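# Secondary and tertiary structure notes
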Amino acid sequence: MATVEIGNLVLGFRPQIAINQTRKWSCKQYFGQKKQNKKRLLLLCSVADQKEVKVCSFSKEENALIEALIGIQGRGRSASPQQLQEVERAVKVLEGSEGVSEPTSSSLIEGRWQLMFTTRPGSASPIQRTFVGVDSFSVFQEVFLKTNDPRVSNIVKFSEAIGELKVEALATIKDGKRILFQFDRAAFSFKFLPFKVPYPVPFRLLGDEAKGWLDTTYLSPSGNLRISRGNKGTTFVLQRETEPRQKLLSSISTGTRVEEAIDAFISLNKNVANPELELLEGEWQMIWSSQVETDSWIENAGNGLMGIQIVKPDGQLKFLVGILFGIRFSMTGKYEKSGSNTYDVIMDDGAILAGMYGIPVEMESKFTMELLYMDDKIRISQGYNKILFVHVRVDGSNKK
């Protein structure tokens, strides 16, 4: 079936935010109280595919799911088994909690939703395998059931400059949770063309293969988060509004005004009580740096401009970069705290590794690492040559 299952602050983690004389950080977070004495986190969020920013609300259980999604790339395609377990655990908790009782009858399900995560991308439809796992594309789902022409549409947005693909399905409400649908039209809308280009799928000839169903197993009472399961067994997590870390990661994935997004994220995190940052142990994958790699490959690797940083609690630091067919470059050294937010780093033990064997590489790198933002999932810092880095934790560890 070609299209049936297409479908980035305190969120349970402990944020650490740098405060210095050159930058002012702000964390605009608010706690609200509901009638049932359930605390909901209120924070500034970005509305799906819009520039609008508003205060939105997430419950503790919703926060746990969002926290599990942070740092997962490819909307689940590149998730580790541990990450998948954390997401599935959080999904099941929400599905067993008190959400909107009949989502398909609620106005909260109407509108545009951003796809944040999906399971089984490898066994899903060809279009899902092609587009959903690509972080540089944004994927949305539109649900409009209270019209004369009820529809569910899946949208792949390539970029602001290129355009999007929209696949539409005629929708019917079966019960309070299930939507029946049948895809009947699709087209590319390119910014550089004054007309739409039909998507070459003969829906009428597909018969039952163009049909499917979608169960909404959880809809947030705030209308900000939705969990759905499709007829192929795929689970979808969609959000109406994304919290600041998600917006930052989305900007990095799409390469859209990344430094502006970092500055905006940092500006939301000032005036927090704890000005002193600690370098958290664990495995940290570099996902963005402010400098294009211009030196030799081995110098980039030795200076931490690529790959994974492994931070150990005994002052040991390792840079690890995969080369080819199990061959890796390793650079180890030490870090020592030199200020409230800074560490002196000396990397002086390089090697090319192949299984149990290694070839020494003589090189040394000394620099000061300044932590600008730190939590259990994301680290923003300045390192070698004052380059700005963004790392995400990939080991699932919550150790301090």
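Look up a bit, the structure's there.
Scope of this entry: the structure provided in the associated data block. Just so it is clear, the structure is predicted and the values come from calculations on it, not from any experiment.

## Some points on the overall build of the chain
- Within the chain, the regular secondary structure consists of seven helices and 23 strands.
- Looking at the chain residue by residue over its 400 residues, the buried ones come to 52%.

## Focus on the packing of helix α1 (residues 60–69) against helix α2 (residues 81–95)
- At their nearest, the axes of α1 and α2 sit 9 Å apart, and the two run at 160° to each other. Judged on the interaxial angle alone, α2 and α1 are roughly antiparallel. Crossing handedness for the pair α1 and α2: left-handed. Counting all contacts with α1, which are made through Glu-61, Glu-62, Ala-64, Leu-65, Ala-68 and Leu-69, the residues of α2 involved are Glu-86, Val-87, Ala-90, Val-91, Val-93 and Leu-94.
- Classifying every residue of the contact of α1 with α2 gives nine nonpolar, no polar and three charged.

## Some details on the packing of aromatic side chains
- Applying the stated criterion to the full structure yields eleven aromatic pairs.
- Between Phe-181 and Phe-183, the ring centres sit 5.3 Å apart and the planes meet at 75°, which makes this aromatic pair edge-to-face. As far as burial versus exposure is concerned, Phe-181 and Phe-183 are alike and both buried.
- Aromatic pair Phe-367 and Tyr-384: ring centres 6.4 Å apart, planes at 80°, arrangement edge-to-face. Separated by 17 residues along the polypeptide, Phe-367 in strand β21 (residues 365–374) and Tyr-384 in the loop between β22 (378–382) and β23 (388–393) bring together distant segments of the chain.

## Observations concerning the pattern of salt bridges
- Applying the stated criterion across every chain yields a total of 16 salt bridges.
- The salt bridge involving Arg-151 is made with Asp-149; its shortest N-O contact spans 2.9 Å.
- We classify Asp-149 as partly exposed; its relative accessible area is 38%.
- The closest approach of N and O atoms between Arg-178 and Asp-215, which form a salt bridge, is 2.7 Å. Of this pair, Arg-178 sits in strand β9 (residues 178–190) while Asp-215 sits in strand β11 (residues 211–219), and the two are 37 residues apart along the sequence.

## Observations regarding helix α6 (residues 258–267)
- Inspection of α6 places Val-258, Ala-261, Ile-262, Phe-265 and Ile-266 among the buried residues, and these make up the whole buried set. Down the axis, α6 shows its buried residues gathered within 135° of arc, on one side only.
- On its buried face, α6 is in contact with α5 (244–254), β15 (282–289), β21, β22 and β23.

Conventions we followed
Residues numbered from 1 in each chain as written. Predicted model: local features only at pLDDT ≥ 70, side-chain atom pairs only at ≥ 80, totals over all residues. Heavy atoms only, no water. Helix = DSSP H or I, 4+ residues; strand = E, 2+ residues; numbered from the N terminus. Buried < 20%, exposed > 50% of the residue type's maximum accessible area, 1.4 Å probe, protein only. Axes fitted to C-alpha atoms, helices over the stretch in contact; angles between N-to-C directions. Parallel < 35°, antiparallel > 145°, perpendicular 65-115°, else oblique. Left-handed = near helix turned anticlockwise from the far one by under 90°. Contact = heavy atoms within 4.5 Å. Nonpolar A, V, L, I, M, F, W, Y, C, P; charged D, E, K, R; others polar. Phe/Tyr/Trp six-rings, centres within 6.5 Å; stacked < 30°, edge-to-face > 60°. Salt bridge = Lys/Arg side-chain N within 4 Å of Asp/Glu carboxyl O. Arc of directions from axis to C-beta.

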